[in-house]
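# Structural overview
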Amino acid sequence: MSNTNVLLLGRYGHPNDEGGVANAMQNMVRNVVKEGFDFHIFSVREGSTITTELLQTANYGIEQIRLDILPSVEGFGSRKSDCFEEGTDRLADIIMSKASSDNFNIIHVFNAYPNYVRIGEKLSERLKIPYIVSARGTDVYGHNPECDYEPDKPWFLRPLKNASIVTVLSDFQKEEVLQNLVDVGYTNIPIIKVHNGVDTDKFIPLDKVGIPNYGIRIAYTGRIRKFKRLMDIVQAVHTSRKSTADVEFDIYGPVDINGKEAFKEIQDYIETNNLSDMIRCSGGYVKNSSLAGIYRGHNLFMYSSCCEGLPNAVIEAMACGLAVALNYASGSSELLEDRNMVFETGNIGQIVAVLDYLTKNPQKLNEHGKRNREFAINHHWQNIARQYCGIYSQVGLK
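Residues numbered from 1 in each chain as written. Predicted model: local features only at pLDDT ≥ 70, side-chain atom pairs only at ≥ 80, totals over all residues. Heavy atoms only, no water.

Taking 1.5 Å per residue as the helical rise, helix H6 (residues 171-183) with its 13 residues ought to reach 18 Å, and the 18 Å between its terminal C-alpha atoms agrees with that figure. Turning to H6, its buried residues are Gln173, Val177, Asn180 and Leu181. Here the buried residues of H6 occupy an arc of 95° about the axis, which is enough to place them on one side. Packing partners of the buried residues in H6 comprise helix H5 (153-157), strand S6 (165-168) and strand S7 (191-193). Looking one or two places after H6, you find Gly185, whose phi comes out positive at around 85°. (Helix = DSSP H or I, 4+ residues; strand = E, 2+ residues; numbered from the N terminus. Expected span 1.5 Å × (residues − 1). Buried < 20%, exposed > 50% of the residue type's maximum accessible area, 1.4 Å probe, protein only. Arc of directions from axis to C-beta. Contact = heavy atoms within 4.5 Å.)

Spelled out as structure tokens, the structure:
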């Protein structure tokens, strides 16, 4: 593949990887190649996760996309260590050996963790080509209150110093990244906002079923974690039902080791207050291919996380024609025109006010749903891919 233009580096990259970052990376790549670019993807992950099946299926089936999955090495982590430089050197050596016949023009690091960015920086020095970094969420220093970040903030951010561009997902995240860079004296790095995209052929509105007139049926899809603040919505729904509002809430998403406490808190609240007829939380995993069907029974999507870049789940729900209500810190409240659909993080009273607004103005659910579908169409991944192509060109790719 002597015509490869972009060396893409990240943890994810396998076509079967799941999750927000994985889906974004896959969709971005598949659509950018339509604009005439080639990719060589290097996915670095824990060796124990690299199975024979994973390697056998590590193929996009697209000539312009080549994929190598590499096992992590000692010292490759987002915490400061004596062998950090040695570890990132080793991985840079491996990538150089596997890409010896490629003619790269640019390096794109698809997260802002220091270990991945440091490899990108080293490859940039060796190949004498620019590198750009795409910040996604928790990889932004201090973004996630549940994350134990390396105490040495300048060290964490040091690999960004020579980046040509840092991309972010939202205005909220742009402010976070900008402040971090200012704190360590990196004031000349351009920051460009590129929203997540959505496949509007896959996520489509379907005829609603099981929603009574004037009923509000809320959905949430995503991980169940403490910082997602799902209990805020649970308590707001409980309060709204006391005022006779016809509102129900379904929580769809997996529970990992970090989400057990949050899941138990929700389940205990439902049981203690006898709310199983109006609030449901199974903790089961839902495939992307099932979401459009699930959303048939809902007309509102709510997101209350205290820290996000720009959740894929939000724009996917918009593509399916749901109204959405969001908190300011979700990273996606800028997507909404009606400020009656936005609430402050942790303010249960404001969530109740949103539900009261929709109860009194039920036509808004349909109006917002139609508007959101139109917005999503304009954010099809092909349009987002063209923005990345423009960035590649901006830093020297012809």
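Turning next to the packing of helix H1 (residues 20-32) against helix H13 (residues 381-394). At their nearest, the axes of H1 and H13 sit 8 Å apart, and the two run at 75° to each other. Relative to H13, H1 is oriented roughly perpendicular. Along its contact with H1, which presents Ala24, Asn27, Met28, Asn31 and Val32, the element H13 presents Trp381, Gln382, Ala385, Tyr388, Cys389 and Tyr392. (Axes fitted to C-alpha atoms, helices over the stretch in contact; angles between N-to-C directions. Parallel < 35°, antiparallel > 145°, perpendicular 65-115°, else oblique.)

Next up on the list: the pattern of salt bridges. Counted by the stated rule, this structure contains 25 salt bridges. The residue Arg217 makes a salt bridge to Glu248 at a minimum N-O spacing of 3.5 Å. With a gap of 31 residues between them, Arg217 in strand S8 (residues 216-221) and Glu248 in strand S9 (residues 247-252) connect regions that are remote in the sequence. Taking the shortest distance from any N to any O, the salt bridge between Asp256 and Arg225 comes out at 3.6 Å. With Asp256 in the loop between S9 and helix H8 (260-272) and Arg225 in the loop between S8 and helix H7 (230-242), this pair connects stretches of sequence that are 31 residues apart. Exposure remark for Asp256: the relative accessible area of 29% places this residue in the partly exposed category. Residue classification places Arg225 among the buried positions, given a relative accessible area of 9%. Ionic contacts of the salt-bridge type, sharing partners, join the residues Glu85, Asp89, Asp93, Arg118, Glu121, Lys122, Arg126 and Arg158 into one network. (Salt bridge = Lys/Arg side-chain N within 4 Å of Asp/Glu carboxyl O.)

A relative accessible area of 7% places Arg217 in the buried class. With residues up to four places along the chain from it excluded, the contact list for Arg217 reads Ile211, Pro212, Asp246, Val247, Glu248, Gly297, His298, Asn299 and Leu300.

Among the six residues in S9, six count as buried, and that is most of the element. Covered by surrounding structure in S9 are Val247, Phe249 and Ile251 together with Glu248, Asp250 and Tyr252, the residues of both alternating faces. Note: S8 against S9, six bridges, orientation parallel. Of the residues in S9, the one forming a bridge with Arg217 is Glu248. Between the parallel elements S8 and S9, the chain passes through H7 in a crossover that is right-handed. Bridge count between S9 and strand S10 (residues 279-281): three bridges; the pairing is parallel. Counted as the bridge partner of Ile251 is Cys281 from S10. Traced from S9 through H8 to S10, the parallel crossover comes out right-handed. (Pairing = 2+ DSSP bridges. Right-handed = clockwise from strand over helix to strand, strands pointing away.)

Turning next to the packing of aromatic side chains. All told, the structure shown has nine aromatic pairs when counted by the stated rule. Look at Tyr149 and Phe156: their rings are 6.0 Å apart centre to centre, the planes differ by 75°, and that puts the pair in the edge-to-face class. For the pair Phe301 and Tyr303, a centre-to-centre distance of 6.1 Å together with 15° between the ring planes defines the contact as stacked. Of the two residues examined, Phe301 and Tyr303, each falls in the buried class. (Phe/Tyr/Trp six-rings, centres within 6.5 Å; stacked < 30°, edge-to-face > 60°.)

Attention shifts here to the nonpolar core. Of all hydrophobic cores here, the largest spans 62 residues; its most connected members are Phe249 and Leu300. Residues contacting Leu300, with those up to four places away along its chain left out, are Ile216, Arg217, Ile218, Ala219, Leu322, Ala323, Val324, Ala325, Met341, Leu355, Leu358 and Leu365. Core analysis: the next-biggest nonpolar cluster, separate from the first, contains 40 residues, Ala92, Ile95, Val109 and Tyr141 among them. (Core = buried A, V, L, I, M, F, W, Y, C linked by side-chain atoms within 4.5 Å.)

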